[in-house]
Amino acid sequence: MAGLKLTNVEKTYGGNVNVLKNINLDINPGELVVFVGPSGCGKSTLLRMIAGLEKITGGSLEIDGQYVNDMPPAQRGIAMVFQSYALYPHMTVRDNMAFALKLAKKTPAEIDEAISKAARVLQLEEYLDRLPKALSGGQRQRVAIGRAIVRDPKVYLFDEPLSNLDAALRVATRIEIAQLKEAMPDSTMVYVTHDQVEAMTLATRIVVLANKGIAQVGTPLDLYERPENEFVAQFIGSPAMNLLAGEIVETGEVTTVRTFEGNGTFQANIPTRAEDKGLKVNVGIRPEDLVATDNESYAFADTVSIVEALGEVTQLYFEPPRPEEDTDTVIAKLPGIHKDLRGKELKLTAAPSKVHLFSNGQSLLYR
Amino acid sequence: MHPAILGILTIALGVGACVSYFFLSNLFLDKVLFPPRGPNAGRNINRANLIRPWLFLFPALFVLGLYLAYPVFATLWLSVTERTSSGNVWVGFENYAQMLGEEKFWEAMRNNMLWLIVVPAASTGFGLLAAQLTDRISWGNIAKSLIFMPMAISFVGAAVIWKLIYDTRPEGTDQIGLLNALYLFFGGDAPQTWLTLPFWNNFFLMAVLVWIQTGFAMVILSAALRGIPEETVEAAIVDGANPFQVFFKIKVPQIMGTIVVVWTTITIIVLKVFDIVFAMTNGQWETQVLANYMYDKMFRANDWGVGSASAMIIMLLVTPILVWNVRNARKEMR
């Protein structure tokens, strides 16, 4: 049972190149926290700083209440699973798993016990005497996890462990990791990925990283239902949330808004203050929350330009309302099959509980 | 004619002849022999393409045959014959028997084995050390260039340089030899004639080859070290390995194949070592090696039989290592 505490952690290269700054994060014992973000946002760097492979240039890192900034990786009580597995190619599966234990001067009996236990959990018993090159991708991944398990670390670190696997295997291994976590409810895990499905399915909490800092921390459904800012709103969920320019018409417990592309007004279940009246906002509606309507009031109306029938849902693409202003294409996701909508004009709106409001990129919900 | 002009002319003629050979032979193949025209155009193209590789291979095969394959068989023949005024006479293994009875031959064998153990080990070891140490420092590339530089010097040139290092002047005069200067500086009583100290002088000669070959080993091993996936090293660090354990338990095993290739390549060079011994001691003071022994017999004693026999021994020793070397190199490339 060990938690992590990051206080004002920052990473600079050469004194002036800022990669990460003001990272404040508490990870509770037994949590599986996923770092997610676009490439280059520093999520792997942050993980490597926790591991001790990158120097922490500012702030403090505590593992299990102990300040570990200057502690070498091996003493931090962490184990890491690398993206490329990083198995030692000249050692058998058994020796790969035993390496850390031998270095820690464990007795042969202890080593054997730890290995056979891990091999049983990961179904590697038949492969213990093979070299990594004789294993499939999924098996190699399990050995890499096994190498972490035998050390019985306080914190497990996963650096995009599934990105080298093919699609089918990725789903299977993702479920295995979820089961592994369930079997070890006390172990704390930090998991880095750029795949939001992995993040949504595995995490107890997700940390979205962007612009050198943390954009939002929350449970997967928090992030989906109540994004703090436009970045998180558009990063979580696929296709990304539609943002429509509009303004606040009436304030109160429930806010009445109108969009410039739409007609009339509609409501959002977001409280606003009296001085917000007339505020220019971005109205966010997820593609799956847009519904066709015949009402006089609607949020958006346009001609359907592309229809993607996926079977369970149909994705409709609308031409950007004002192409000259470089606005995003609006996408709607309707349940069922609608193949005949191409070229038709459609009016769309959303239920008040599904409407998000952003001003200056920040959600009005979190003021 | 001035030798420089002669040299340039030779180069121009040689290169011109090579280019025109490839150009004209291909032209002949495509225009005259199998022209891609007429009723059999397709068949002709296929046939021309079957022959083309051999056009390119022919010069190399011809020269290899003339200067490598033929001499091997000629030497084999010479080693079992005796040269007389009336031509070569079959003598069976008499030359070999004579050679095996000579003390100098066994001295050469013993010294060659010494060279065989010391030089590849030292060169590979120093090369590996240099490769690892120069990898992470800012002036590593300069250091590497300096260590590699002796590779550009011919063995005879290197031998002359090192002969000066081992040089001895009469007692009381200034020592120009570096080793004697150091020896006297650190309290030696009289200048030593290093190259005449039996047994130890072998190592003074070996130092020259180690000096040359370390650069070669370093360059190859440095490339191999860089090919090691960085993540395996990081995994080892997370696993708690210290720098020595990372080097010996993670890095070295992963480049073992390359180490073997470097080692065997140097072994082959060592078995053929001639120039250094020839230029520094000429096999005196118990420093004889097989290649110099062969040269002695063949061109000084004019004993073609024994000379060829010793050449066959060298080839016999080199061949298995060569085969192993080529195999390992191929395995590395896969």
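About the cut-offs
- Residues numbered from 1 in each chain as written.
- Chains lettered and ligands numbered in written order.
- Predicted model: local features only at pLDDT ≥ 70, side-chain atom pairs only at ≥ 80, totals over all residues.
- Heavy atoms only, no water.
- Helix = DSSP H or I, 4+ residues; strand = E, 2+ residues; numbered from the N terminus.
- Rg over C-alpha atoms; globule rule 2.2 N^0.38 Å.
- Buried < 20%, exposed > 50% of the residue type's maximum accessible area, 1.4 Å probe, protein only.
- Contact = heavy atoms within 4.5 Å.
- Areas by Shrake-Rupley, 256 points an atom, 1.4 Å probe, with all protein chains shown as cover.
- Lys, Arg positive; Asp, Glu negative; His and termini not counted.
- Charge placed at Lys NZ, Arg CZ, Asp CG, Glu CD.
- Pairing = 2+ DSSP bridges.
- Domains from an automatic or database assignment.
- Buried area = accessible area lost by both parts, 1.4 Å probe.
- Salt bridge = Lys/Arg side-chain N within 4 Å of Asp/Glu carboxyl O.
- Polar contact = N/O pair within 3.5 Å; in protein donor to acceptor, adjacent residues only side chain to side chain.
- Axes fitted to C-alpha atoms, helices over the stretch in contact; angles between N-to-C directions.
- Parallel < 35°, antiparallel > 145°, perpendicular 65-115°, else oblique.
- Left-handed = near helix turned anticlockwise from the far one by under 90°.
- Nonpolar A, V, L, I, M, F, W, Y, C, P; charged D, E, K, R; others polar.
- Patch = residues over 30% accessible without salt bridge, like charges linked within 9 Å, V, L, I, M, F, W, Y side chains within 5 Å.
- Expected span 1.5 Å × (residues − 1).
- UniProt positions renumbered as here; feature names shortened; annotations may be inferred.

## Re the overall build of chain B
Part 1 of the reasoning: Along chain B, the regular secondary structure elements total 14 helices and two strands.
Part 2 of the reasoning: In terms of C-alpha radius of gyration, chain B reaches 26 Å, well past the compact-globule figure of 20 Å for 334 residues.
Part 3 of the reasoning: Projected onto its principal axes, the C-alpha positions of chain B cover 90 × 75 × 50 Å.
Part 4 of the reasoning: When burial is assessed residue by residue, chain B has 38% of its 334 residues classed as buried.
Part 5 of the reasoning: Excluding contacts between residues fewer than 6 apart, the proportion of contacts in chain B whose partners are at least 24 apart in sequence is 65%.
Part 6 of the reasoning: Total accessible area on chain B stands at roughly 19,100 Å², and carbon and sulfur atoms take up 71% of it.
Part 7 of the reasoning: In chain B, 22 side chains carry a positive charge and 20 a negative one; their mean positions are 16 Å apart.

## Description of the pairing of strand S10 (residues 213–218) of chain A
Residues and elements named next belong to chain A.
Part 1 of the reasoning: The pairing of strand S9 (residues 205–210) with S10 spans five bridges and is classified as antiparallel. Its bridge partner lying in S10, Val208 is registered against Gln216.
Part 2 of the reasoning: Two successive antiparallel strands, S9 and S10, enclose a turn made up of two residues, where Asn211 displays a positive phi of approximately 50°.

## Regarding the side chain of Ser60 of chain A
Part 1 of the reasoning: Topologically, Ser60 of chain A is positioned in strand S4 (residues 58–63).
Part 2 of the reasoning: You can call Ser60 of chain A buried: its relative accessible area is 15%.

## Considerations on the domain arrangement of chain B
Residues and elements named next belong to chain B.
Part 1 of the reasoning: By domain assignment, chain B separates into domain 1 (3–79) and domain 2 (97–333).
Part 2 of the reasoning: Taking only C-alpha atoms, the centre of domain 1 and the centre of domain 2 are 38 Å apart.
Part 3 of the reasoning: Between domain 1 and domain 2, the residue contacts involve five residues of the former and seven residues of the latter.
Part 4 of the reasoning: It is Thr75, Leu78 and Ser79 that lose the most area in domain 1 upon contact with domain 2, and together they represent 73% of the buried surface on that side.
Part 5 of the reasoning: Here domain 1 is connected to domain 2 by zero salt bridges.
Part 6 of the reasoning: Where domain 1 touches domain 2, the interface holds zero residue pairs in polar contact (both at pLDDT 80 or more).

## Some details on the interface of chain A and chain B
Part 1 of the reasoning: In this complex, chain A contributes 22 residues to the contact, which on the side of chain B involves 15 residues.
Part 2 of the reasoning: Contact between chain A and chain B buries roughly 1,500 Å² in total, counting both sides, with carbon and sulfur atoms accounting for 65%.
Part 3 of the reasoning: The largest share of the area that chain A buries against chain B comes from Tyr88, His90 and Leu103 of chain A, three residues that together contribute 32% of it.
Part 4 of the reasoning: The salt bridge partner of Glu234 of chain B is Arg48 of chain A, with a shortest N-O separation of 2.6 Å.
Part 5 of the reasoning: Remark: the boundary between chain A and chain B carries eight residue pairs in polar contact (both at pLDDT 80 or more).

## A look at the pairing of S4 of chain A
Residue and element names in this part refer to chain A.
Part 1 of the reasoning: Bridge count for strand S1 (residues 4–13) against S4 is five bridges, and the pairing is antiparallel. Looking at S4, one finds that Glu10 is bridged to Gly58.
Part 2 of the reasoning: Both S4 and strand S5 (residues 66–67) contribute to a ladder of two bridges, which runs antiparallel. Bridge pairing in S5 places Ile63 opposite Gln66.

## As for the packing of helix H2 (residues 41–79) of chain B against helix H14 (residues 304–333) of chain B
Residues and elements named next belong to chain B.
Part 1 of the reasoning: Relative to each other, H2 and H14 sit at 130°, their axes nearing to 7 Å. With respect to H14, the axis of H2 lies oblique. For the crossing formed where H2 meets H14, the hand is left-handed. On H14, the residues touching Val72, Thr75, Leu76, Leu78 and Ser79 of H2 are Trp304, Gly305, Ser308, Ala309, Ala311, Met312 and Met315.
Part 2 of the reasoning: Along the lines of polarity and charge, the residues of the contact of H2 with H14 split into eight nonpolar, four polar and no charged.

## Some points on the sheet that holds strand S11 (residues 242–250) of chain A
All names here are of chain A.
Part 1 of the reasoning: Taking strand neighbours across the sheet as the criterion, the six strands line up as S13-S12-S11-S14-S20-S21 in an open arrangement whose pairing is antiparallel. At either end of the open sheet lies a strand with only one pairing partner, and these are strand S13 (266–268) and strand S21 (362–363).
Part 2 of the reasoning: The pairing of strand S20 (residues 356–359) with S21 spans two bridges and is antiparallel. Bridged to Phe358 within S21 is Ser363.

## Re the pattern of salt bridges
Part 1 of the reasoning: For the coordinates displayed, the defined rule picks out 19 salt bridges over all chains.
Part 2 of the reasoning: Put simply, Arg48 of chain A and Glu54 of chain A hold a salt bridge, and the shortest N to O gap is 3.4 Å. The residues Arg48 of chain A and Glu54 of chain A share a single accessibility class, namely buried.
Part 3 of the reasoning: Note that Glu225 of chain A and Arg226 of chain A form a salt bridge whose closest N and O atoms lie 3.9 Å from each other.
Part 4 of the reasoning: On the basis of relative accessibility, which here comes to 43%, the residue Glu225 of chain A falls in the partly exposed class.
Part 5 of the reasoning: Residues joined in a network through salt bridges with shared partners are Lys11, Arg48 and Glu54 of chain A together with Glu234 of chain B.

## Some points on a nonpolar patch on the surface
Part 1 of the reasoning: Together, Met1, Ile5, Leu6, Leu9 and Leu13 of chain B line one region of the surface with nonpolar side chains, adding up to about 540 Å² of accessible area.
Part 2 of the reasoning: Looking at the secondary structure, you find Leu9 of chain B in helix H1 (residues 3–33).

## Some thoughts on H2 of chain B
Residue and element names in this part refer to chain B.
Part 1 of the reasoning: For H2, built from 39 residues, the straight-helix expectation of 57 Å at 1.5 Å per residue is met to within 8% by its first-to-last C-alpha distance of 54 Å.
Part 2 of the reasoning: Every buried residue of H2 is accounted for by Asn44, Ala48, Leu55, Thr75, Leu78 and Ser79.
Part 3 of the reasoning: As for H2, its buried residues are in contact with H1, strand S1 (81–84), strand S2 (87–90), helix H3 (94–100) and H14.

## Here we look at the domain arrangement of chain A
Residue and element names in this part refer to chain A.
Part 1 of the reasoning: Here chain A is partitioned into domain 1 (4–234) and domain 2 (238–366).
Part 2 of the reasoning: With centres defined by C-alpha atoms, the gap from domain 1 to domain 2 works out at 38 Å.
Part 3 of the reasoning: On the domain 2 side, the residues contacting the 12 residues of domain 1 number 15 residues.
Part 4 of the reasoning: Across the domain 1/domain 2 interface, buried area totals approximately 1,200 Å², and carbon plus sulfur atoms make up 47% of it.
Part 5 of the reasoning: For the domain 1 face of the interface with domain 2, the top three residues by lost area are Tyr224, Glu230 and Gln234, together amounting to 48%.
Part 6 of the reasoning: Linking domain 1 with domain 2 are zero salt bridges.

## Quick notes on the UniProt feature "transmembrane region" (unreviewed entry) in chain B
Part 1 of the reasoning: This chain's UniProt record puts "transmembrane region" (unreviewed entry) on residues 6–29, 50–70, 113–134, 146–165, 203–225, 255–280 and 304–326 of chain B.
Part 2 of the reasoning: Helix makes up 100% of residues 304–326 of chain B and strand 0%, whereas the separation of the span's terminal C-alpha atoms amounts to 31 Å.

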